[in-house]
Amino acid sequence: MLVFVLIGKSGIYFVSFKKGMREKELFIDKANQDNVIYYSEFLYEHRNYEVILLLDHDQINLHNENFVLKDSSFFYNPVKEYVFNKFDKSTITSYSCVIGSNNAVIAEDDVKNDISAPVFGNIIGNDGNIAKQKNILMATIVSCPFKGTIEILLDYIFLNSLRYKATYFLSLALPQMAIYALNNSKDNYSAFSKEDHGFIVMIAITRASAIIISFTHRNKLLREFSVRCPDDQSDIYIQGLIEHLVSTKLLEFKDYIKSNNLQISMIFIGNSSIAKNMNDTSYGRYKIYVLDIEDGNKNARNLDFCDSKIIELFNKNKRHAAFNKYLKSITKMQIANMLLFKPMVIFIFSLVAFLIMLQQNINNVHNAIYELNTQYQIIDEEYKKIKEEYPNIKNISKLANFYKTESKLRKKFPEPIQDIKKILSVNANDINVEYLSWQLLDPDLEDKNHYNNISIDKKAVQMDNKSNIKMHVDLKYTSANQDTEFAAKRIDVLFQEIKNIYQDSNVYIRQDDKKIMSLPNMLTVPINIEITEFRASDAYGIKKLSDNIMK
Amino acid sequence: MIKNHVIHFKNILFFKILSCLMAIIVSFFLLSELREEIVALEVKQGQTENFLNNTISKLNYLLTFKQDIEKIETRYKNTLAQSEKNIELKIKKLQDKIERINKQYNLPIPIKVQTRHNRISNNIKNDDINIYYSELILEFAAKDHKELVEIIHDIVSFLPETSVVANISVRQVDYLSPRIIKMLSHNYRINLFESEVRIVNQDIIYKGVK
């Protein structure tokens, strides 16, 4: 959401854009432009929009300067230093630079027309073409004093906390705008080629700056000026005026165009009959491109103004922001504000959200504790009832503990005899049980200090009231028959036998081939077996009557 | 005029950053406080749950033995008075029975009895009744698997209701152990199946009695 303010020679033009679409516009003529009352309402309506100033008023000065680049100083910017030294700190300045190229005959023109004097005289050659040298930096510097309408407008913006974004000079944006306009031209009869980038004459009839005529070559603005648009004259008069002005200036650039063999293209912004008429005259020899205005702001004579189109073009080609000392400080602070403050605010909001979540958790725990206390009160009521039934027994709670402990001792654990008998039953002539271990792992029996060393699935044991039985058996197959295939078959039969015996258990059989010993007339194969099983212990047999009470 | 705006913007930026820093500091302070609180509350919740579960469990027991409450009370009083003596008596009886097995199987080296890991279970706090666990380790050797199984069977069968066999290990000795050497030196019969049986005795004890 942007508000563009075009401060032109004839007045100020305000236009707001929302999501890339033109929303609202306002024109204040020059007589009233210093009175904030005329535009305060518009700006107030758009107080959340970012404000961009586009300067094209009378007090703007344009200089073309040439600088020699020192080889050793890549980061050295002579233009910046020049601007710093030459202009007052309050003056708003901006510049665009072009490194030496074949369009630099401009230097000759500049001297001839006294637009600006070159800083280093020795860079102009005899033929006047200085830009053959690659170490030349050609800068277009634009400046205007910080006073009058700009000061009043910016003061109003800052005073009312409106969102100032940047200031630009229209002059510096014109070359890019011209190329962009040509690239996006809808004229079917003139397919735009790269050669047309040569010499561009752009003509726009605006309300804020009257008739703007600019001459650009590639990215370089050669000349830009505007003349008042007489309201009381006919289209033919205005057409004649434009033709006269363009012809006069083209004469100035005649040598430049000729020496560089440039083709002239003309861009006429606005669906005006003037452009069509020009095409029919001697201007027909140039390529004339007309940029349509969909919703032109018309004056009393129904003349199309293209302020919004100009701003639209500028919006797509914003370059070379203008600053003075104060605007630079403000922009820096805005960047700091954006880079520092916004992430900080996001961080703080995240922290606050996390705090709220924690508080919510605390409330949940509080509620859970309250719920538990309520349940306790219900249980306590039941206690009291039982106590009332047996008034003689004082230590009823201790009796409950005693009974609980007794019940715990009555728990029936699995016994080892059957397991040992089963394992020993695999003993045969060729199979010998060398080691056997039977373990009952139950948290009730184990010292809690030793829990960490014992692999008991405590949860499984407690939930299902089961004990973990773990058996480890080392067997040895010994045979005089050294046929390994026979031994393997015998061991497979043994494995199957053990698996059949312990169908409900997890049986892991491990046979390490490295430990197989083959001696004359004897083959020994060690076999390790691990059997684990959760086996039911006898439950305490306590009726869970309190569950009904809770319900 | 614009100079004043610059100063104003600087002030605003400074106070914004200051406020943000303050907010962050306060948030971190609150964060640590709330985390401490939630940890404390969770501990409290756990304790309350345990307490409630114990209470529910007690109530379940009460409802179960309500009819026999007077008998329970008598047993309880008896335990308070006699628990230590009962344990001593029980261990003595066990030792007598082990002696009988020695004679019955004519074991050349009698069953070696060791006690260890005696402890009191960590039950509910402030409870005067607790379980006293004592472990007996029996070591012996049998001549063959049959005798081994019979001895283990006899040991298991004479165990009182509250004693449990927790671990049995049997190893067939195929080297000269000190026991074998002793047997050979006394010209005893050689028992190659060395066994170790761990028995856990559980007894009700009045708290404070070791």
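Please read these numbers as outputs of a predicted model, since none were measured by experiment. All residue numbers refer to position in the chain's written sequence, counted from 1. Here chains are named by letter from A upward and ligands by number from 1 upward, in the order in which they appear as written. Reporting in this predicted model follows two pLDDT cut-offs: at least 70 for local features of residues, and 80 or more for side-chain atom pairs to be given and counted; totals over whole chains, interfaces and linings ignore these cut-offs and use all residues. Heavy atoms throughout the structure, all of them, feed into the side-chain values; hydrogens and water do not.

**What to know about the overall build of chain A**
In plain terms, the rule: For helices the rule is a DSSP run of H or I covering at least 4 residues; for strands it is a run of E covering at least 2, with both sets numbered from the N terminus onward. Exposure is judged per residue with a 1.4 Å probe applied to protein chains only, and the accessible area is read against the type maximum: over 50% gives exposed, under 20% gives buried, and values in between give partly exposed. Working rule for contacts: check all heavy atoms of both residues, and any pair within 4.5 Å makes them a contact. Only the protein chains shown count as covering a residue, and every accessible area follows the Shrake-Rupley method with a 1.4 Å probe.
Along chain A, the regular secondary structure elements total 15 helices and 21 strands. In chain A, which comprises 551 residues, the proportion classed as buried is 48%. Long-range contacts, defined here as pairs at least 24 residues apart, represent 71% of the contacts in chain A between residues at least 6 apart. In the form shown here, chain A has an accessible surface area of approximately 28,000 Å², with 50% of it arising from carbon and sulfur atoms.

**So, the overall build of chain B**
What chain B contains, in helices and strands, is four helices and four strands. Traced from its N-terminal end to its C-terminal end, chain B shows the element sequence α-α-β-β-α-β-α-β. By the burial criterion, 46% of the 210 residues in chain B qualify as buried. When contacts within chain B are restricted to residue pairs at least 6 apart in sequence, those whose partners lie at least 24 apart make up 72%. When the accessible surface of chain B is totalled, it reaches about 11,800 Å², and 54% of it is carbon and sulfur.

**Describing the sheet that holds strand S8 (residues 163–169) of chain A**
By definition, the strands of a sheet pair up through backbone hydrogen bonds, in either a parallel or an antiparallel sense. All names here are of chain A. Condition: At least two DSSP bridges between two strands are needed for those strands to be called paired. Orientation is described by axes fitted as lines to C-alpha atoms, over the contacting stretch for helices, and by angles from 0 to 180 degrees between their N-to-C directions.
The strand order S3-S2-S1-S4-S8-S16 describes an open sheet built from six strands, whose pairing is mixed. Each edge of the open sheet carries a strand with a single partner, namely strand S3 (21–29) and strand S16 (321–322). Bridge count for strand S1 (residues 2–7) against strand S4 (residues 50–55) is six bridges, and the pairing is parallel. Within S4, the residue paired with Val5 across the bridge is Leu53. Relative to the sheet, helix H1 (residues 37–45) contacts S1, strand S2 (11–18) and S3, its axis offset from that of S3 by approximately 165°. Contacting S8 and S16, helix H10 (residues 325–389) runs over the sheet at an angle of about 130° to S8.

**Some words on the sheet that holds strand S6 (residues 92–99) of chain A**
Residues and elements named next belong to chain A. Ordered by their spatial adjacency, three strands build an open sheet running S5-S7-S6, and the pairing between neighbours is antiparallel. Each of the sheet's edge strands pairs with one partner strand only, and the pair in question is strand S5 (61–68) and S6. Ignoring which end each strand starts from, the neighbouring axes of this sheet average 20° apart. Relative to strand S7 (residues 136–144), S6 is paired through eight bridges, and the arrangement is antiparallel. The partner of Tyr95 across the bridge, within S7, is Ile141. Of the strands in this sheet, S5, S6 and S7 are in contact with helix H2 (residues 78–86), which crosses S7 at around 35°. Together, S5, S6 and S7 form the strand contacts of helix H5 (residues 170–183), whose direction differs from that of S6 by roughly 35°.

**A closer look at the pattern of salt bridges**
What counts, and what does not: Salt bridges are counted wherever a side-chain nitrogen of Lys or Arg sits within 4 Å of a carboxyl oxygen of Asp or Glu.
One pass over the structure, following the stated rule, counts 19 salt bridges over all chains. Of the charged contacts in the structure, one is a salt bridge between Lys412(A) and Glu161(B), with a shortest N-O distance of 3.9 Å. Taken together, the residues span two chains, with Lys412(A) in the loop between helix H11 (396–409) and helix H12 (417–424) and Glu161(B) in the loop between helix H3 (145–158) and strand S3 (163–172). For Lys412(A), a relative accessible area of 44% corresponds to the partly exposed category. The closest approach of N and O atoms between Arg490(A) and Asp430(A), which form a salt bridge, is 2.8 Å. Taken as a pair, Arg490(A) in helix H14 (residues 484–501) and Asp430(A) in the loop between H12 and strand S17 (431–441) lie far apart in primary sequence, 60 residues in all. The same class applies to Arg490(A) and to Asp430(A), which are both buried. Salt bridges sharing common partners tie together Glu50(A), Arg163(A) and Lys165(A).

**Observations regarding unusual backbone geometry**
In the Ramachandran plot, Ser161(A) falls in the positive-phi region, its phi being about 55° despite a non-glycine side chain. Exposure remark for Ser161(A): the relative accessible area of 60% places this residue in the exposed category.

**Some thoughts on the packing of aromatic side chains**
The test is simple: Each pair of aromatic rings taken from Phe, Tyr and Trp, with Trp reduced to its six-membered ring, is defined by centres within 6.5 Å and is described as stacked if the planes are under 30 degrees apart, edge-to-face if over 60, and tilted in the remaining cases.
Inspection of the entire model under this criterion finds 19 aromatic pairs over all chains. The interplanar angle of 70° and the centroid separation of 6.4 Å between the aromatic rings of Phe253(A) and Tyr256(A) together place this pair among those described as edge-to-face. Each of the two residues, Phe253(A) as well as Tyr256(A), counts as buried. Between Tyr376(A) and Phe51(B), the ring centres sit 5.3 Å apart and the planes meet at 40°, which makes this aromatic pair tilted.

**A closer look at the nonpolar core**
To keep things clear, this is the line we draw: Residues enter a nonpolar core if they are buried and are Ala, Val, Leu, Ile, Met, Phe, Trp, Tyr or Cys, with the set joined through side-chain atoms within 4.5 Å.
If you look at the biggest cluster of nonpolar residues, it comprises 82 residues, and the most contacted ones within it are Leu475(A), Ile527(A) and Phe65(B). Apart from residues no more than four positions distant in its own chain, Ile527(A) is found in contact with Val473(A), Asp474(A), Leu475(A), Tyr477(A), Ile491(A), Leu494(A), Phe495(A), Ile509(A) and Arg510(A). Listed in part, the 36 residues of the second largest apolar core include Val5(A), Tyr39(A), Phe42(A) and Ile92(A).

**Remarks on the interface of chain A and chain B**
Stated precisely, the cut-off is as follows: Using a 1.4 Å probe, buried area is obtained as the accessible area two parts lose upon being combined, added over both of them. Polar contact criterion, stated in full: a pair of N or O atoms within 3.5 Å, where within protein one must be able to donate a hydrogen and the other to accept it, and residues adjacent in sequence count only if both atoms are side-chain atoms. Under the grouping applied here, Gly and all other residues not named as nonpolar or charged are polar, the nonpolar ones being Ala, Val, Leu, Ile, Met, Phe, Trp, Tyr, Cys and Pro and the charged ones Asp, Glu, Lys and Arg.
Tallying the contact residues gives 86 residues for chain A and 85 residues for chain B. Here chain A meets chain B over a buried area of about 8,400 Å², counting both sides, of which 72% is carbon and sulfur. For chain A, the biggest contributors to the area lost against chain B are Met333(A), Phe402(A) and Leu409(A); these three give 8% of the whole. Summed over the shared surface of chain A and chain B, the result is two salt bridges. In this structure, the salt-bridge partner of Arg75(B) is Glu406(A), at a minimum N-O distance of 2.5 Å. Applying the counting criterion to the chain A and chain B interface returns nine residue pairs in polar contact (both at pLDDT 80 or more). Of all the secondary-structure elements, those providing two or more residues to the side of chain A that touches chain B are helix H4 (149–159), H10, H11, H12, S17 and helix H15 (546–550) of chain A. With 33 residues, H10(A) is the largest single contributor of residues to the side of chain A that touches chain B. Each residue belonging to the side of chain A that touches chain B can be placed in one class, and the counts come to 50 nonpolar, 18 polar and 18 charged. For S17(A) and S3(B), the ladder comprises five bridges, and the chain directions are antiparallel. Across the sheet, Tyr435(A) pairs through a bridge with Arg171(B), a residue of S3(B).

**A few points about the pairing of S3(A)**
For a regular strand, side-chain orientation follows a simple rule: the groups alternate between the two sheet faces. Residues and elements named next belong to chain A. When S2 meets S3, the two strands line up antiparallel, connected through eight bridges. When the bridges of S3 are listed, Tyr13 appears paired with Phe27. Where S2 folds back on S3, the antiparallel hairpin that results is connected by two residues, among which Lys19 adopts a positive phi of roughly 50°.

**Quick word on empty space enclosed by the protein**
All names here are of chain A. The criterion, for reference: The way it works is a 1 Å grid over only the protein atoms, where trapped points that fit a 1.4 Å probe form a cavity and open points with protein on both sides within 12 Å along at least five of seven lines form a pocket, and then any residue with an atom within 4 Å of a point lines it. Grid points are joined across faces, edges and corners, and a volume is the space filled by probe spheres set on the points.
Going through the model one piece at a time under the given rule, you end up with one cavity of 30 Å³ or more. Volume-wise, the largest cavity comes out at about 30 Å³. If you trace the largest cavity, you find it lined by Ser96, Thr140, Ser171, Leu172, Pro175, Asn219, Lys220 and Leu221. Put simply, the parts of the chain that give the lining of the largest cavity at least two residues each are H5 and strand S11 (220–227). If you tally residues by element for the lining of the largest cavity, the top one is H5, at three residues.

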